[in-house]
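For reference, the chains in residue letters:
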Amino acid sequence: MISTYEPALKKIRHYSANACLLPICSLYGAAVTTVEGVGSTKTRVHPVQERLAKCHGSQCGFCTPGMVMSIYTLLRNHPEPTSEQMIAALAGNLCRCTGYRPILDACKTFCKVRNKNSWVLLVFFLFKVSTRLFSTDEFQPLDPTQELIFPPELMRMAENQPKRTLFFHGERMTWISPVSLDELLDLKATYPKAPLLVGNTSVGPEMKFRGMFHPIVIAPARIPDLNMVKCTDDGLTLGAACSLSLVKDILTNAMAEFPEEKTKVFSAVLQQLRTLGGEQIRNIASLGGNIVSRKSTSDLNPILAASNCMLNLASRGRKRQIPLSDIFADGVGNNTITPEEILVSVHVPHSRKGEYVSAFRQAPRRENALPVTNAGMRVIFEEGTDTIKDLSIFYGGAVSTTVCAKQTCRTLIGRHWNKQMLDEACRLVFKEIALPGSDNGETVDYKKTLIVSFFYRFFLEVSQSLKTMDPCHYPGIPMEYRSVLQDFKTKMPQSIQIYQAKLSQSPQDPVGRPIMHQSGIKHATGEAVYIDDLPSVDGELFLAVVTSSRAHAKIVSIDTSEALKGPGVFDIITAHDVPATNEFYYSDDPEIIFARNKVICVGQIVCAVVADSDDHAKQAAAKVKIEYEVLEPVILTIEEAIQHNSFFAPKRKLEQGNVDRAFETVDNIIEGEIRIGGQEHFYMETQSVLVVPKGEDNEMDVYVSTQHPAIIQEMVAASLGVPANRIMCHVKRVGGAFGGKLLKAGLLASVAAVAANKTSRAVRLILSRGDDMLITGGRHPFIGKYKVGFMNDGRIRAVDAKYYINAGCTPDESVLVAEVSLLKMDNAYKIPNLRCWAYACKTNLPSNTAFRGFGFPQSALVTETWITGVADKIGLSPEKIREINMYKENEQTHFKQKLDPQNLIRCWNECMEKSAYYSRKTAVNEFNKQNYWKKKGIAIVPMKFPFGLGTRYLSQAAALVHIYTDGSVLLTHGGIEMGQGIHTKMIQVASRELNIPMSCIHFCETSTTTVPNACASVGSAGTDVNGMAVKDACQTLLKRLQPIINKNPKGTWNDWIKEAFEQSVSLSATGYFRGYNENMDWEKGEGQPFTYFLYGAACSEVEINCLTGDHKNLRTDIVMDIGCSINPAVDIGQIEGAFVQGIGLYTMEELKYSPEGVLYTRGPDQYKIPAVCDIPEQFSVSLLSSSQNPYAIYASKGIGEAGLFLGCSVFFALRDAVTRVRNERGLKKTFTLNSPLTAEQIWANCADDFAEMVIGNRASPSLFGPDPSYH
Ligand SMILES: Cc1cc2nc3c(=O)[nH]c(=O)nc-3n(C[C@H](O)[C@H](O)[C@H](O)COP(=O)(O)OP(=O)(O)OC[C@H]3O[C@@H](n4cnc5c(N)ncnc54)[C@H](O)[C@@H]3O)c2cc1C
Ligand code: FES
C-alpha cells in the first residue's frame, strides 16, 4: 500500500499497487506499507490477516500477502466497504489454489451488508448438517483507530519543504522529476526521446520484458497542471497525470451531480474503467499514459475519440488543443503529438440532448485482461427525429492502434436509425475495418464479428433509448432482445459448504474438524518463508538460464564472450561443466540438464550465467549468442507426430469384450474427435532453488521448491557424481506445485548444483514467470478419437477409441499419463465392449509433465463428449444417457477391478436434488424462450475417480517423531506442503494418536536427512500414506509409554515423558507404511492398479452472450464422496480450488505457439487463469455423508485431484447453451466443441449468422434474427 499526503487538501491517499511495476524513485515522499507492516505474530496479527487465515483463505500461501494488502488498503479507505467495492479490490489478484471462495468469505466479514440470502437459508433448512468452517466469534474487531499513522516526518516534509526538481542517478539510468510545467517543457525539449513516466505500466513492461531501454526518464507526476481537475460549462478537464482510479472517482461523482442527459460520455468511459486492468493498475496508471501510448488495446481511446474529447498539448513556447481522434494514424486530421510536446490535460465533454454514447469490450477474461476488441460509438440525431446528424465509431484491438470507421460514419449521416441503416452500417464497417491476417485466421474472424456485433449492440441500445424518449414513434426492440443490453457483472458469490460434524467426538480430538492451515497466519503476515525469502548466503551468486530459440537444431557454436564482459558476471556454465550425469535415462530417451550438441525444443536450457545479481545474470544471459543449424523434421503437433510415427514407448492398449462384434449389433454408431489443449501449472511460486555448498566432503544443502526431495537429491548427486548422502534437500513449503515440481525441479536443481560445484559458491535460481512457462511444460495437449456404438434406448454397447497426448521432447511421465488416461477412461460408466489405445507423442515442444488429475481430466472429457454425442443422436438428454450407462451395482472396470458404485449413485442423486436440477432446467428453458441473444445452459456430470499409484513401492511412506523432555513433539514425514494442508492434517493425526493438543506438536521441514527415499507427494496420496506412517510412529511411542501411563493414569503428558526419559525409554520413533498393494498387468490388460474410488457429481449453470461468446458462471453444486474427512475446511478447499482450476482448463486457459514452436503465452498478460470474476455466483459443495473407506487413514479419501474434472460441468453447461442456440436457429448439424471452450469458440459455434457474414463476406437476411419491424 502506498500512502501519500497532499498538503493543499490536507488529505492522505492510500492505494494498492503492483510492486513489480512501481519504480522506487516514484516513491519519494510516500509511505509504503507491506504485509509485514500490517501485522505480525511478534506484534499483533491484523484482523485482515487473522480472518483470511481463519476463513481458510490461504492454501500454499504465496498469493496471501497480496490478498491481505488489497483488502487492507480498501479498509483503510472504506472501513465498512460494500461487497461491490470488495470484489473490485480483488479483481487484480490471482490465486491458483483456493478458487477464491474462502478468501471472499473472509472479505464478507468486513462488508456492510453481510451475505445472507434465501438461497443459503434454503440450503440450511434442507440439510441439518454442519456448514460452519470458521467461527466469526473468534475474530478481533476491526478498529480503524489502531491503524498505522502516516509518518509525521513525511507530512512535515510535504508541508514545509519547497518542491524542487529531483534527480536520481542509477547504474544506467537517470530519473528526473520536475515540479513546474515550464521546467518539464524545457526537459522535454532537451530530451525529446525521454519518456514521461507516470504509472510506468506501459513503459515498465516494455523495459522489463521487451528489452527497451531509456537512459533518461522524466517523471511529471508532481506538476500541478498535470493533476488538475476542472469542471467547465461543457464538461470536465482532467490533468494527464490523473490516475485512472481518480478519473473513475471523478466521473462517478459527476454522474451523481449532473443530469443523465449530460453524462452519457462519462457513463461510457466509466463502463470501460470498471474492467480496465485491476485496481492496482488503475491506481497508478495515468489517463495521459493510456492515451499517449496509443496502444491498440487502449480501452479509453476509442470511447474518448468517439466522444470528441480534446487534448491540451504544450511544448516550449506553444500550447494547442487538438481532437483526441487526430492522434491516430488514420485520424481525421494530421495533428499528431510531436516528440517535444506533452499532454497537459484532456477535456471530456458533456453529452448533449439527442446524443447517445456507448463503449464495448470483449476480453479473454472479463476483468483484468486486455481486450480482444473494443469500441466507442456516438450518434446524435437531428432534433426530435431519428435522422443521424453525426456518427462516430472507433475500434481498438483491430489494428496496431485505435481506428476510426470514418467512411461508414460519413455515409450514414442523414439516414434514419432503422434496419436498412443497420444492414448497410454492418456491411460498411465490415468492409472498412481491414484486419491483418493471423496464423490460423480464427481470431481475425472473431474480431471481425465483434466489430460488427458491437455496432449491432449499439443499434439495439439506441433503438431502445429512442423508444424511451418517444414511445409513440419508436417501437424499441423486441422483448427477447433486451437482455443482451446488460453486460455480465461480477457479484459477490454466495456459497455454502456442507459436511458432517462428529458430535460424539472428544473435544480435544481435532480429526474431522475444520482446523486452520498450520501456516495460515504466517502466510497472511508474510512470515512464511519460501525459497526466495531465504536470506542470502555469503558470496551467493544468481543464475539465469539461456534457452534454445529453435525447436530442433544442431548447436553450431555458443559465443559467450559478450556475456562474460557484463558487469558482475562470474561464469558461464554449460554441459561441459557437468561432472557426471547430464542425461538421465529413466526410459529409452533421456531427460537432459544442458543441451549438448543439439536442441530438441524451444526453451531447452543450453547454458547458464552466474553473476552477482539477478539483473546482471539476466542481462548477460541475453548476450549469449548461439548459432544453430536447423534439423529436420520439426514435429510440433500430435498430427505431425502421427505422420512421422514419433512416439515414446510403450504404446498402451486396453480391451474388454468383443468390440468388433458389438459394433455389428448396435442400432447407431457415432464417430468423432475432440481436442483438449494443454495447461500451464501457473503455481504462484515459480521454480526456485538455492544450493549451498558446505565446503567439505562434497556436501551440499539444496533448498528447493519441489514435490519430491528424494528425486532432487538423486539427480543432483548423479549430476555431480557424488553419493546421495552428501546432498541434503530441504523443503519447508512450496508455493503451489500441481504436479509441476517433480522431474523439472530436479533438472533445474541440477543446473544450480553444477554451477555451485564449479564456482564453489552458493547459487540461487529463481525462474521468471516467462522462463518458467517456456521451459517447464505443463498438462499434455490431447486428442481423443472415438467410435461409439449404442442402442436406440441409449445403452452404449461398444467404444473404440484412440488417445494421443503431446508429450513434448522428453518422456518425463508421459507414458504413465497415457496409461492413466486409459485406466480412467470409463469415468462413471459401464461399457461392456471397449477398446482403447493411448500414444505418447514425441514432439519438439517443451517436455510435458504431471498435472493435477494426471490424464484423467482429458480422457474423461472425451468420454463425456461422446455421451453428449449419443444424447444428441437419439434425442435423449445427456443426463438420461449418463444415468442409463452409469455403473449400478458391484461391477468390474474394463481392466477387471471390482468396484461398488453405491456412493457414485448417491452423489448423483444428491446432486440432482441439491441443485434442483429438473426445475432449474425448466427455468433455463423458459429463460431461453424469452431471450434471443442471451442463452442459459445447465449440465450435470458424474465422476468416478480411482485412487492409486499402480504399484506398491510408489505409495510407501515414512515418518519420524521425536518427543522432547519438555513434552513438545517434533514431527516430520516424507510429504510436501504445497497448499494441500498435509502438515496440518499430520499434526491432527499425531494429536489424536498421542492424545495431546495440536499446539504441542510442531512440524519444521521435509528433508532427505530425516526421512530418506520418500516418495513424491503426488496422486492425492500424501495424507493417505504419510498419515499411516505418522500413526505408526505415534503408536510405537505410545506403546513404549503405555507401562508408564498405566502406572500413573492420572499423570500428565509431561509427567509421563519425564518418567520415560528417566527410565531410558527412547522418545524418538520412525513410522512406516509399506504402500498399497496395487498392480497392473498391461500384457493381460487387467489388474488392481487402484485401491479405492472417490465419487462425485457437479451441476453447473451458465449464461452466454451469443453476440460475443462471453459467458457467466451462474451456479455450481458439487457433491463429493471423500469418505470421512480429516479436515473438512482443507478438503472442501481442495475440491473448490481444483474445480476452479478445471474451469480454467476447460474454458479459459489457452496455450499458443508460433508455427516454429515458440510459446507465445508466457505470462499473466497472455495466459488467463480464473480470477474472482470467473467463479460461480452461487457455489455449493457438500461432502457425502456416511461414507467410509477401509483403506485409508481414519476412513478418509485422498482428495487433491478429483475436483478438477468436475470443472467440465461448466464446459457441458456451455455446450448445452450453444446447443439451444443452434436448435433455435435450425442448425441441426452435429458439432464438436474443443477445450478450452473460450469465448471465441462459443461465438464460432453459435453466432452463425454473424460468422457467415464475416466468413462468407455477405450479410444474411436473417442476420438480425426475427425482423423487429422498424418503420
Ligand atoms: C497488468 C496491466 C493491465 C492493463 N489492462 C489494461 C486494460 O484492460 N485496458 C487498457 O486500456 N489498458 C490496460 N493497461 C494499460 C494501462 O492502462 C496503460 O499502460 C496506462 O494507462 C499507461 O499509463 P502510465 O501512467 O502507466 O504510462 P507510463 O508507462 O508511465 O507512460 C506511457 C507512455 O505515455 C507517455 N506519456 C505519459 N504521460 C504523458 C503526457 N502527459 N504527455 C505525453 N506523453 C505522456 C510516456 O512518454 C510513455 O511513452 C494495462 C496495463 C497493465 C500493466
Ligand atoms: S493460496 Fe493462493 S496461490 Fe496458493
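Small disclaimer: the values here were computed from a predicted structure and weren't measured.

Looking at the site of ligand 1
Within the structure, ligand 1 sits among 31 residues, and Val198, Gly199, Thr201, Ser286 and Asp299 are positioned closest to it. Measuring from an oxygen atom of ligand 1, one finds a backbone N or O atom of Asn200 at 2.9 Å. The contact in question runs from an oxygen atom of ligand 1 to an N or O atom on the side chain of Asn290, over 3.0 Å. Against a free-state accessible area of 980 Å², the protein chains account for coverage of 88% of ligand 1. Those elements that place two or more of their residues in the shell around ligand 1 are helix 13 (287–293) and strand 11 (342–349). Of all the elements, helix 13 adds the most residues to the shell around ligand 1, at five residues.

Brief notes about the state of the cysteines
Enumeration according to the criterion identifies zero disulfides in this entry. Among the cysteines around Cys107, which has no disulfide bond, Cys111 carries the closest sulfur, lying 6.8 Å off. Overall, Cys107 belongs to the buried group, its relative accessible area being 0%. Cys729 carries a free sulfur, and the closest cysteine sulfur to it, the one in Cys1015, is 15 Å from it.

Let's talk about the UniProt feature "binding site: [2Fe-2S] cluster 1" (unreviewed entry) in the chain
The UniProt feature table records "binding site: [2Fe-2S] cluster 1" (unreviewed entry) at Cys20. Turning to its location among the elements, Cys20 is positioned in the loop between strand 2 (11–15) and strand 3 (31–32). We classify Cys20 as exposed; its relative accessible area is 53%.

Some words on the packing of aromatic side chains
Scanning all chains against the criterion turns up 33 aromatic pairs. Where Phe856 meets Phe945, the ring centres are 5.2 Å apart and the plane angle is 85°; that geometry is what we call edge-to-face. One end of the pair, Phe856, is in helix 27 (residues 856–874); the other, Phe945, is in strand 36 (residues 934–947), and 89 residues separate them in sequence. Given a relative accessible area of 1%, Phe945 falls into the buried group. These aromatic residues form a ring-pair network of at least three members: Tyr356, Phe381, Trp417, Phe455, Phe458 and Phe459. The ring centre of Phe1212 lies 5.4 Å from the NZ or CZ of Arg882, which sits over that ring. Cation over ring: Lys934 sits above Phe488, and NZ or CZ is 4.6 Å from the ring centre.

Remarks on the environment of Val265
With respect to the secondary-structure elements, Val265 resides in helix 11 (residues 264–275). Look at Val265 and you get buried, because its relative accessible area is 1%. When the C-alpha atoms of Val265 and Gly235 are compared, they prove to be 9.7 Å apart, with 30 residues separating the residues in sequence. If near-sequence neighbours (up to four positions away) are discounted, Val265 is found in contact with Ser307, Val348, Pro349, Ser351 and Val357.

Quick look at the sheet that holds strand 41 (residues 1068–1073)
The strand order across the open sheet formed by four strands is 39-38-37-41, and the pairing between neighbours is mixed. Pairing within the sheet leaves two strands with one partner each, and these edge strands are strand 39 (1001–1003) and strand 41. The average angle at which neighbouring strand axes cross in this sheet is 25°, direction not considered. Pairing between strand 37 (residues 957–963) and strand 41: six bridges, direction antiparallel. The residue of strand 41 that forms the bridge with Val961 is Ala1069. On the sheet, helix 31 (residues 982–994) packs against strand 38 (969–973) and strand 39 and is oriented at approximately 125° with respect to strand 38.

A closer look at the pattern of salt bridges
Where charged atoms of side chains with opposite charge meet at close range, the side chains can pair. Considering all chains together, one arrives at 62 salt bridges under this definition. One salt bridge connects Asp299 with Arg361, and the closest N-O pair in it is separated by 2.9 Å. Residue Asp299 is found in the loop between helix 13 and helix 14 (301–306), and its partner Arg361 is found in strand 12 (residues 355–362); the two are separated by 62 residues along the sequence. Here Asp299 and Arg361 have matching classes, each one buried. Here Arg882 ties to Glu864 by a salt bridge, and the two come within 2.6 Å at their closest N and O atoms. Pair noted here: Arg882 is in helix 28 (residues 878–885) and Glu864 is in helix 27, with a separation of 18 residues, a long-range link. Take Arg882 and Glu864: they sit in the same class, and that class is buried. A single salt-bridge network, built from bridges that share partners, covers Lys653, Glu655, Asp660, Asp800 and Arg835.

Details of helix 32 (residues 1022–1047)
Compared with an ideal rise of 1.5 Å per residue, which puts 26 residues at 38 Å, helix 32 spans 37 Å between its outermost C-alpha atoms and is within 8% of the ideal. Along helix 32, the sharpest change in direction is near 45° and occurs at Leu1041; proline Pro1043 comes one to four residues later.

Quick look at the nonpolar core
Within the largest apolar cluster, 294 residues are counted, with the highest numbers of intra-cluster contacts made by Tyr395, Trp417, Phe455, Phe594, Ile796 and Trp866. If you tally residues by element for this core, the top one is helix 17 (residues 442–469), at 13 residues. Within the second largest apolar cluster, 42 residues are counted, among which are Leu244, Ile281, Leu313 and Phe394.

Re the sheet that holds strand 4 (residues 166–169)
Strand order in the open sheet formed by three strands is 4-5-6, and the pairing between neighbours is mixed. Each edge of the open sheet carries a strand with a single partner, namely strand 4 and strand 6 (216–218). Averaged over all adjacent pairs, the angle separating strand axes in this sheet is 15°, with direction ignored. In this structure, strand 5 (residues 174–177) lies alongside strand 6, joined through three bridges in parallel fashion. Counted as the bridge partner of Thr174 is Ile216 from strand 6.

Overview of the packing of helix 36 (residues 1208–1224) against helix 37 (residues 1239–1246)
At a closest axis distance of 9 Å, the pairing of helix 36 and helix 37 adopts a crossing angle of 25°. Classed by the angle they form, the pair helix 36 and helix 37 counts as roughly parallel. The crossing of helix 36 and helix 37 is right-handed. Of the residues in helix 37, those touching helix 36 at Leu1214, Val1218, Val1221 and Arg1222 are Ile1242, Asn1245 and Cys1246. For the contact of helix 36 with helix 37, a count of residues per class yields five nonpolar, one polar and one charged.

Considerations on the pairing of strand 14 (residues 388–396)
Buried residues dominate strand 14, accounting for seven of its nine residues. As paired elements, strand 13 (residues 373–381) and strand 14 share eight bridges and run antiparallel to each other. Looking at strand 14, one finds that Val379 is bridged to Leu391. Counting the residues between successive antiparallel strands, the hairpin from strand 13 to strand 14 contains six residues, one of them, Gly384, with a positive phi of roughly 75°. The pairing of strand 14 with strand 15 (residues 403–404) spans two bridges and is classified as antiparallel. When the sheet's bridge partners are listed, Phe394 is paired in strand 15 with Cys404. Linking two consecutive strands that pair antiparallel, namely strand 14 and strand 15, is a turn of six residues; a positive phi of about 80° is found at Gly397 within it.

Cut-offs and rules
- Residues numbered from 1 in each chain as written.
- Chains lettered and ligands numbered in written order.
- Predicted model: local features only at pLDDT ≥ 70, side-chain atom pairs only at ≥ 80, totals over all residues.
- Heavy atoms only, no water.
- Near = heavy atom within 4 Å.
- Polar contact = N/O pair within 3.5 Å; in protein donor to acceptor, adjacent residues only side chain to side chain.
- Areas by Shrake-Rupley, 256 points an atom, 1.4 Å probe, with all protein chains shown as cover.
- Helix = DSSP H or I, 4+ residues; strand = E, 2+ residues; numbered from the N terminus.
- Disulfide = S-S within 2.5 Å.
- Buried < 20%, exposed > 50% of the residue type's maximum accessible area, 1.4 Å probe, protein only.
- UniProt positions renumbered as here; feature names shortened; annotations may be inferred.
- Phe/Tyr/Trp six-rings, centres within 6.5 Å; stacked < 30°, edge-to-face > 60°.
- Lys NZ or Arg CZ within 6 Å of the ring centre and 35° of its normal.
- Contact = heavy atoms within 4.5 Å.
- Pairing = 2+ DSSP bridges.
- Axes fitted to C-alpha atoms, helices over the stretch in contact; angles between N-to-C directions.
- Salt bridge = Lys/Arg side-chain N within 4 Å of Asp/Glu carboxyl O.
- Expected span 1.5 Å × (residues − 1).
- Bend = angle between axes of the 7 residues up to and from the residue.
- Core = buried A, V, L, I, M, F, W, Y, C linked by side-chain atoms within 4.5 Å.
- Parallel < 35°, antiparallel > 145°, perpendicular 65-115°, else oblique.
- Left-handed = near helix turned anticlockwise from the far one by under 90°.
- Nonpolar A, V, L, I, M, F, W, Y, C, P; charged D, E, K, R; others polar.

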